[in-house]
Amino acid sequence: MKDIALHLLEVCENSIKANSNSLFISFEVFDRKICFSVKDNGDGIDSKKLKSLFSNDLQTNKFSGRGLRLLKNDCENSGGKFKINLCDKGTCVNAEFILDFSEKIIGDLPSVVSALLTEEKLYLSFEYVFKGKVFSFNSTELKKILGEEKLYLPKAVFLAKNFIKENIEKLNGGLAI
Amino acid sequence: MKTIADIMAIRDKKRAEMIIRDNSESIAETRVVVGMATCGIDAGALSVFNTLVDEISMREIKGVRISRSANLNLAENNPVVEVYAPGKEKVTYVKVDAEKVKKIISDHIVGGNVVKEYLVK
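Per chain, the residues get numbers from 1 upward, laid out in the order the sequence is written. Whichever chain is written first becomes A and whichever ligand is written first becomes 1, with later ones labelled in order. The predicted origin of the model limits local features to residues at a pLDDT of at least 70 and limits the giving and counting of side-chain atom pairs to 80 or more, whereas totals for whole chains, interfaces and linings rest on all residues. Side-chain numbers come from the whole structure's heavy atoms, not from hydrogens or water.

Colleague: I tried to follow the overall build of chain B on my own but got confused; where do I start?
Modeller: Counting from the N terminus, the helices are DSSP H or I runs at least four residues long and the strands are E runs at least two residues long. Summing up its helical and strand segments, chain B has four helices and four strands in all. Order of helices (α) and strands (β) in chain B, N terminus to C terminus: α-β-α-α-β-β-β-α. Exposure categories follow from relative accessible area, calculated using a 1.4 Å probe and restricted to protein chains: below 20% of the type maximum is buried, above 50% is exposed, and the middle band is partly exposed. Counting only residues that meet the buried cut, chain B has 44% of its 121 residues in that class. Note on definitions: a residue-residue contact is assigned when non-hydrogen atoms from the two residues lie within 4.5 Å. Within chain B, residue pairs in contact and separated by at least 24 positions form 59% of the contacts whose partners lie at least 6 positions apart. Surface accessibility in these figures is a Shrake-Rupley result with a 1.4 Å probe; residues are shielded only by whichever protein chains are displayed. Accessible surface for chain B amounts to roughly 6300 Å². Of this, 52% is attributable to carbon and sulfur atoms.

See below:
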């Protein structure tokens, strides 16, 4: 399977494509479990399409939603669960992997989050929880920390990436991600 | 690896520059977009994006904004990178990797010359 950070990136790209301007990302590492959830305020998926998304009908499934199907498979193959719920405004995706913590399995989370921050007019809230210890920020706070409003400037992406990386490593207890 | 103190130091050093830049809003920017659809991600779009960020910021190249889009997807030609230089037509690079990105930055974004061998054949 591909790493979990890349799965997260795909879910968030779907949200942005569905006209979301607000994303709440939570990523949590437990002793033997790794989970993430993404809540957006986008157009959502209608319930009929949602059903067909995970059906085995290859004809309807050929082009769209491949990323979500792969994510569901990877979650379930690990023994974990995958859930996608429609809320009154937007979609909520929950992915659970029954896996031991390793940097390889998680992937490059700081790059994924800093890349998403380049989306103009997107409010992003990110929370990383490592065995109960929490690191969180949102895009409004980050702009203040970096002293830069334009998170699409390469220098801002670079600084944001390092800021996230440093904080995640601190929580992981020096284990590099 | 930068600590938060280093980042703050860079920020302070850069703040003056940022203020100057913010006052010159009208200066045309080159926009670079990396395709982040499922196929693009599978083909390595994130590492292309990372190389763009690292190279442009390390080399302190000004006037560039970068973003990603799930709407940019060219099937077997992924990863795709589009360059919108001010006053020029859009240029689409295909099957881009970290090495190709470095050449696109040097030759096209800095030098203004399109790297013809990386365009769709």
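There is more to say, and it comes next.
Colleague: Looking at this structure, I do not really get the interface of chain B and chain A. What am I missing?
Modeller: Often the size quoted for an interface is simply the accessible area lost on bringing the parts together. Listed as interface residues are 37 residues of chain B and, on the opposing side, 36 residues of chain A. Defined here as a combined quantity, buried area equals the accessible surface (1.4 Å probe) lost by two parts on assembly, summed across both. Both faces combined, the contact of chain B with chain A buries some 3300 Å², and carbon together with sulfur accounts for 58% of it. A pairing counts as a salt bridge when a side-chain nitrogen of Lys or Arg comes within 4 Å of a carboxyl oxygen of Asp or Glu. One can count seven salt bridges joining chain B with chain A. Between Lys-155 of chain A and Glu-60 of chain B there is a salt bridge, and its shortest N-O distance comes to 3.8 Å. Whenever two N or O atoms come within 3.5 Å, that pair is a polar contact, provided that in protein one can donate a hydrogen and the other can accept it, and provided that, for residues adjacent in sequence, both atoms are side-chain atoms. Here chain B is connected to chain A by 13 residue pairs in polar contact (both at pLDDT 80 or more). Per element, the largest residue contribution to the side of chain B that touches chain A is 10 residues, and it comes from helix 1 (residues 4-23) of chain B.

Colleague: Sorry if this is basic, but what is going on with the packing of helix 7 (residues 139-146) of chain A against helix 8 (residues 154-172) of chain A here?
Modeller: Think of two packed helices as two axes; the pair is described by the angle between the axes and how far apart they sit. Residues and elements named next belong to chain A. Orientation of helix 7 relative to helix 8, taken along the N-to-C sense of each, is 105 degrees, at an axis distance of 11 Å. The orientation of helix 7 with respect to helix 8, classified from their angle, is roughly perpendicular. Residues Leu-142, Ile-145 and Leu-146 of helix 7 lie in contact with helix 8, whose contacting residues are Ala-156, Leu-159, Ala-160 and Phe-163. Across the contact of helix 7 with helix 8, the residue classes break down as seven nonpolar, no polar and no charged. Between N-to-C directions, angles span 0 to 180 degrees; the directions come from axes that are lines fitted to C-alpha atoms, helices contributing only their stretch in contact. Each angle gets one of four labels, with under 35 degrees taken as roughly parallel, over 145 as roughly antiparallel, 65 to 115 as roughly perpendicular, and the rest as oblique. Here the term charged refers only to Asp, Glu, Lys and Arg, the term nonpolar to Ala, Val, Leu, Ile, Met, Phe, Trp, Tyr, Cys and Pro, and the term polar to all other amino acids, Gly among them.

Colleague: Teacher, can you tell me more about helix 8 of chain A here?
Modeller: For an α-helix, the turn length of 3.6 residues means that residues three or four places apart are oriented alike. Residues and elements named next belong to chain A. Multiplying one less than the number of residues by 1.5 Å gives the expected span of a helix. Relative to the 27 Å expected for 19 residues at 1.5 Å per residue, helix 8 spans 27 Å between its end C-alpha atoms, a close match to the ideal helical length. The buried fraction of helix 8 amounts to 17 of the 19 residues, a majority that puts the element mostly inside the structure. Positive backbone phi, approximately 75 degrees, marks Gly-173, located one or two places after helix 8.

Colleague: It is not clear to me how the side chain of Ser-111 of chain A should be interpreted in this structure. Could you clarify?
Modeller: Turning to its location among the elements, Ser-111 of chain A is positioned in helix 6 (residues 109-116). For Ser-111 of chain A, a relative accessible area of 2% gives the class buried. Of note is the side chain of Ser-111 of chain A, whose polar atom sits 2.8 Å from the side chain of Asn-50 of chain B. Contacts of Ser-111 of chain A, omitting those with residues within four sequence positions, involve Lys-161 of chain A together with Leu-46 and Asn-50 of chain B.

Colleague: What is the right way to read the nonpolar core from this model?
Modeller: Note that soluble globular proteins tend to have their nonpolar side chains buried in a common cluster. Residues and elements named next belong to chain A. Ranked by size, the top nonpolar core spans 83 residues in total, and within it Phe-27, Phe-36, Phe-126 and Tyr-128 carry the most contacts. In terms of residue count, the dominant contributor to this core is helix 8 (nine residues). Leave out the neighbours within four places in its chain, and Phe-36 touches Ile-4, His-7, Leu-8, Val-11, Ser-26, Phe-27, Leu-71, Val-93, Asn-94, Ala-95 and Phe-97. Residues grouped as a nonpolar core are buried Ala, Val, Leu, Ile, Met, Phe, Trp, Tyr and Cys residues, joined through side-chain atoms within 4.5 Å.

Colleague: Would you mind showing me how to read the side chain of Ser-22 of chain A here?
Modeller: Secondary-structure assignment places Ser-22 of chain A in strand 1 (residues 22-29). The residues contacting Ser-22 of chain A, other than those within four sequence positions of it, are Lys-39, Asp-40, Asn-41, Leu-122 and Tyr-123 of chain A.

Colleague: Explain the sheet that holds strand 4 (residues 91-97) of chain A to me, please; I cannot follow it from the model alone.
Modeller: Strand pairing within a sheet occurs via backbone hydrogen bonds; the two strands may be parallel or antiparallel. Residue and element names in this part refer to chain A. Ordered by their spatial adjacency, six strands build an open sheet running 3-4-2-1-5-6, and the pairing between neighbours is mixed. Whereas interior strands pair on both sides, the edge strands pair on one side only; in this sheet they are strand 3 (82-86) and strand 6 (133-138). Sheet twist, expressed as the average angle between the axes of neighbouring strands with direction ignored, equals 10 degrees. DSSP-based pairing: two strands are paired if at least 2 bridges between them are found. As paired elements, strand 2 (residues 34-40) and strand 4 share six bridges and run antiparallel to each other. Note that in strand 4 the partner of Cys-35 across the bridge is Glu-96. Along the sheet, helix 4 (residues 66-77) contacts strand 2, strand 3 and strand 4; its crossing angle with strand 4, the most-contacted strand, is approximately 35 degrees. Relative to strand 6, helix 8 is tilted by about 165 degrees, and along the sheet it contacts strand 5 (123-130) and strand 6.

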